[in-house]
Amino acid sequence: MAGSTDPAAFSSAAFEAFHPFGRQHSGYAPIADDSATARPYSGNGAVLVSGQQLTDMLQKLLDALGRVPVRENCEDSFSWALTTNGVFSVKSCYDFFMASLSGPPLDSKKILALIYLWKYKVPSKTLDFGWRFIHNRIATRDQLVRMGVLVEGMDSLCSLCMEKEESLSHLFLSCEITTRIWRRVFMCLDLSDLLTLEDFGDFFYNYEKIPCLNKRMIVANVWLATVWSIWSKRNAVIFKEEPFSFTECMSEIIFNSWRWISSFHN
């Protein structure tokens, strides 16, 4: 059987080898039969394919195996087909999916914002949060209503001011509670000659307005610390029923900013 090149002969022998009750089964049509006369058996949910179907499948398997180089005296191992050396890489996987996915292209400014974001040595969860922030994929209450998790109405109100629907733009940029945070941080950074408060809120779209690279790095870290602290305190209000504290939020922003800026220089 191993030396046979006839797929029909090979399929018949293979089927009998792997199905020992094939010859005796009352509902079995001989595998060597032509597909026109083969009678697939259906019983207890099982369906036997016709002889021609199995022949075609085994021929495809033989064709696939024929393209694989076989080496003697060598242990089996896995090989990644998307790289020349056979070793898996995230880049090759990313390139493969990017080539196969379809959709509208990203805005060029958003691409630059994302590229600039990944340069920073902040915790990975904060980087991920920044990435989702730029994509507007934060699980704010308006998004949860849209997904059917919450009901529109009281459930969708901002958990800090309880006056307007909680969206990303409202929670981080226009809520009267968080606006106080942004103003204080903006004043501490002394950016009024370079950015407006609105520019600072969308910093990763406006980072090029700061010509000094060192100051740009400082502002980026402080911005990440600000959005991360606001989100953390917002979650504490919802899930721990803690009151929002302006002082604690500012203290967390200062501490995280100092820690991340220090690590950037190391």
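Residues numbered from 1 in each chain as written. Predicted model: local features only at pLDDT ≥ 70, side-chain atom pairs only at ≥ 80, totals over all residues. Heavy atoms only, no water.

## Digging into the packing of helix α8 (residues 176-189) against helix α11 (residues 213-239)
Helices that pack against each other are described as a pair by the angle of their axes relative to one another and the distance between those axes. Going by this rule: Lines fitted to the C-alpha atoms define the axes, with helices restricted to the stretch that makes contact. Angles between their N-to-C directions range from 0 to 180 degrees. A run of H or I in DSSP becomes a helix once it reaches four residues, and a run of E becomes a strand once it reaches two; helices and strands are each numbered from the N terminus. Angular relationships are summarised with four words: roughly parallel below 35 degrees, roughly antiparallel beyond 145, roughly perpendicular across 65 to 115, and oblique for the angles in between. Throughout, a crossing is termed right-handed when the near helix is turned clockwise from the far one, and left-handed when it is turned anticlockwise from it by less than a right angle. It only takes one pair of heavy atoms within 4.5 Å for two residues to be counted as in contact. Residue polarity is assigned by list, with Asp, Glu, Lys and Arg as charged and Ala, Val, Leu, Ile, Met, Phe, Trp, Tyr, Cys and Pro as nonpolar; anything else, Gly included, falls into the polar class.
Running from N to C, α8 and α11 cross one another at 160°; their axes reach a closest spacing of 11 Å. When the interaxial angle is binned, α8 and α11 end up roughly antiparallel. Here the hand of the crossing between α8 and α11 comes out right-handed. Across the interface between the two elements, Thr178, Ile181, Trp182, Val185 and Leu189 of α8 pack against Lys215, Ile218, Val219, Val222, Trp223, Thr226, Val227 and Ile230 of α11. Classifying every residue of the contact of α8 with α11 by side-chain character gives 10 nonpolar, two polar and one charged.

## Regarding the packing of helix α4 (residues 108-117) against helix α5 (residues 124-134)
Two numbers describe how α4 lies on α5: the axes approach to 10 Å, and their chain directions differ by 170°. With respect to α5, the element α4 is oriented roughly antiparallel. Contacts between α4 and α5 involve Lys110, Ala113, Leu114 and Leu117 from the first element and Leu127, Gly130, Trp131 and Ile134 from the second. Across the contact of α4 with α5, the residue classes break down as six nonpolar, one polar and one charged.

## So, unusual backbone geometry
As a reminder of what qualifies: Note on classification: 1.4 Å probe, protein chains only; a residue is buried when its accessible area is under 20% of the maximum for its type, exposed when over 50%, partly exposed between these limits.
The phi dihedral of methionine 162 is positive, around 55°, even though this residue is not glycine. Within the secondary structure, methionine 162 is located in the loop between α6 (141-146) and α7 (168-174). A residue is classified by how much of its surface remains accessible, and methionine 162, at 42% relative accessible area, is partly exposed. The backbone of aspartate 190 sits at a positive phi, close to 55°, despite the residue not being glycine. Relative to the elements of secondary structure, aspartate 190 occurs in the loop between α8 and α9 (197-201).

## Section: the side chain of histidine 135
Tracing the sequence through the fold places histidine 135 in the loop between α5 and α6. Given a relative accessible area of 15%, histidine 135 falls into the buried group. Histidine 135 has contacts with Leu106, Lys110 and Leu114, leaving out every residue within four places of it along the chain.

## Re a nonpolar patch on the surface
Definition in use: Residues enter a patch when their relative accessible area is above 30% and they make no salt bridge; the linking distance is 9 Å between like charges and 5 Å between nonpolar side chains (Val, Leu, Ile, Met, Phe, Trp, Tyr). Here, Shrake-Rupley sampling with a 1.4 Å probe gives the accessible areas, and only protein chains in the shown set may cover a residue. What counts as a salt bridge is simple: a side-chain nitrogen of Lys or Arg found within 4 Å of a carboxyl oxygen of Asp or Glu.
Among the surface-exposed residues, Leu82, Phe96, Phe97 and Leu101 lie close enough to one another that they form a single nonpolar patch of about 410 Å² accessible area. Tracing the chain through its elements places phenylalanine 97 in helix α3 (residues 90-100).

## Some points on the environment of arginine 183
Relative to the helices and strands, arginine 183 resides in helix α8. Judged by relative accessible area, which is 51%, arginine 183 ranks as exposed. Sequence separation between arginine 183 and glycine 201 is 18 residues, and the spatial gap between their C-alpha atoms is 10.0 Å.

## Overview of the environment of phenylalanine 78
In this fold, phenylalanine 78 is placed in the loop between α2 (51-66) and α3. In this structure phenylalanine 78 comes out as exposed when scored by relative accessible area, which is 87%. Distance in space between the C-alpha atoms of phenylalanine 78 and phenylalanine 88 is 9.7 Å, their sequence separation being 10 residues.

## Section: the pattern of salt bridges
Tallying each qualifying case throughout the model produces seven salt bridges. Where arginine 146 meets aspartate 142, a salt bridge forms, and the shortest distance between an N and an O atom there is 4.0 Å. Of the two residues, arginine 146 and aspartate 142 are both situated in helix α6; the distance of four residues between them amounts to about one turn of the helix. Judged by its relative accessible area of 12%, aspartate 142 falls in the buried class. Lysine 209 serves as the salt-bridge partner of aspartate 199, at 3.2 Å between the closest nitrogen and oxygen.

## Regarding the environment of arginine 137
As a reminder of what qualifies: In protein, a polar contact means a hydrogen-donor-capable atom and an acceptor-capable atom, both N or O and within 3.5 Å, with residues adjacent in sequence counting only if both atoms are side-chain atoms; elsewhere, any N or O pair within 3.5 Å suffices.
The residue arginine 137 is located in the loop between α5 and α6 in this model. Separated by 31 residues in the primary sequence, arginine 137 and leucine 168 place their C-alpha atoms 8.6 Å from one another. There is a polar contact of 3.1 Å between the side chain of arginine 137 and the backbone oxygen of histidine 135.

## Digging into the nonpolar core
Put simply, the rule reads: Working definition of a nonpolar core: buried Ala, Val, Leu, Ile, Met, Phe, Trp, Tyr and Cys residues. They are joined through side-chain atoms within 4.5 Å.
Among the nonpolar cores identified, the biggest contains 49 residues, and Phe172, Phe200, Phe203, Phe204 and Trp223 are the most heavily contacted of them. Broken down by element, this core gets its largest block of residues, 12 residues, from α11. Leave out the neighbours within four places in its chain, and phenylalanine 203 touches Tyr116, Leu195, Ile210, Arg216, Val219, Ala220 and Trp223.

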